Each structure stands twice: as structure tokens, then as C-alpha cells.
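# Understanding the architecture of this molecule
The primary structure of each chain is shown beneath.
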Amino acid sequence: MLLLGPLYHLHNKADRLSALTEAARVVRPGGLVAAAAISRYSPLLDYIATTGITEPAIQDGVRNTLDQGRYAG
């Protein structure tokens, strides 16, 4: 079973654990559950790699993402 999208939409740890527990429950016996998540640091790394973080609006957005633990877009 492959989980590529659900985890980064679930902000609460309990919800992420519930999704992983459910995936483990429904996968066939001996099957594999593979999951991917997006780090709260990804916007910062993306801005550094592409446009830089010299603009105040970008700095504020990155700071907010790091403080809140979620990317607001």
C-alpha cells in the first residue's frame, strides 16, 4: 500500500497515526505500507534553492510555516 498524499494533510499526530494504523490493518498479510510526508522545512528549502529568501514577504511566510508547523500556501 502506498500513502503519498494523506499524511501531510493531517496536522495532528493522532490523525497521522490513525491513518497509518488503518493502512496497516487493510494491507494484505505480509504486505508493505510505504508512506511519504512533506517536511515543514520544505518551503524554506524550496525558496533557498529557487528564488532566495531576501524578500520580506517570503521571509514572513517561511517564518510562519516554521512557527505553525504547516504551510499556508
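This text follows the structure it describes.
Bear in mind the structure is a predicted one, so any value in this text is a computation, not a measurement. (Residues numbered from 1 in each chain as written. Predicted model: local features only at pLDDT ≥ 70, side-chain atom pairs only at ≥ 80, totals over all residues. Heavy atoms only, no water.)

### What about the overall build of the protein chain?
- A tally of regular secondary structure across the protein chain gives 4 helices and 2 strands.
- N-terminal to C-terminal, the α/β element order of the protein chain is β-α-α-β-α-α.
- Taken against the 2.2 N^0.38 rule, which gives 11 Å for 73 residues, the C-alpha radius of gyration of the protein chain at 16 Å runs more than 25% over that of a compact globule.
- Structurally, the protein chain occupies a C-alpha span of about 50 × 25 × 15 Å along its principal axes. (Helix = DSSP H or I, 4+ residues; strand = E, 2+ residues; numbered from the N terminus. Rg over C-alpha atoms; globule rule 2.2 N^0.38 Å.)

### Quick word on the environment of Leu44
- Structurally, Leu44 can be placed in helix 3 (residues 42–50).
- Residues in contact with Leu44, not counting those within four places in the same chain, are Ile53, Val62 and Leu66. (Contact = heavy atoms within 4.5 Å.)

### Let's talk about the pattern of salt bridges
- If you walk through the whole model with that rule in mind, you get 2 salt bridges.
- In this structure, the salt-bridge partner of Arg25 is Glu22, at a minimum N-O distance of 2.6 Å. One end of the pair, Arg25, and the other, Glu22, are both in helix 2 (residues 13–26), 3 residues apart, so they sit about a helical turn from each other.
- In this structure, Arg63 and Asp60 form a salt bridge, with 3.1 Å as the shortest nitrogen-oxygen distance. Of the two residues, Arg63 and Asp60 both sit in helix 4 (residues 56–68), 3 residues apart, roughly one turn of that helix.
- Overall, Asp60 belongs to the partly exposed group, its relative accessible area being 46%. (Salt bridge = Lys/Arg side-chain N within 4 Å of Asp/Glu carboxyl O. Buried < 20%, exposed > 50% of the residue type's maximum accessible area, 1.4 Å probe, protein only.)

### Here's the deal with a nonpolar patch on the surface
- Together, Met1, Leu17, Leu20, Val26 and Val33 make up an exposed nonpolar region whose accessible area comes to about 370 Å².
- Summarising the element assignment, Val33 is placed in the loop between helix 2 and strand 2 (34–35).
- Val33 sits in the partly exposed class, given a relative accessible area of 30%. (Patch = residues over 30% accessible without salt bridge, like charges linked within 9 Å, V, L, I, M, F, W, Y side chains within 5 Å. Areas by Shrake-Rupley, 256 points an atom, 1.4 Å probe, with all protein chains shown as cover.)

### Points about helix 4
- In a regular helix each residue adds 1.5 Å, so 13 residues correspond to 18 Å; helix 4 covers 18 Å between its end C-alpha atoms and thus fits that length.
- All of the buried residues along helix 4 are Ile58, Val62 and Thr65. The arc that holds the buried residues of helix 4, viewed along the axis, is 60 degrees, so those residues lie on one side. Exposed and facing more than 90 degrees away from the buried side of helix 4 are Pro56, Ala57, Asp67 and Gln68.
- After helix 4 finishes, the residue Gly69 shows a positive phi value of roughly 80 degrees. (Expected span 1.5 Å × (residues − 1). Arc of directions from axis to C-beta.)

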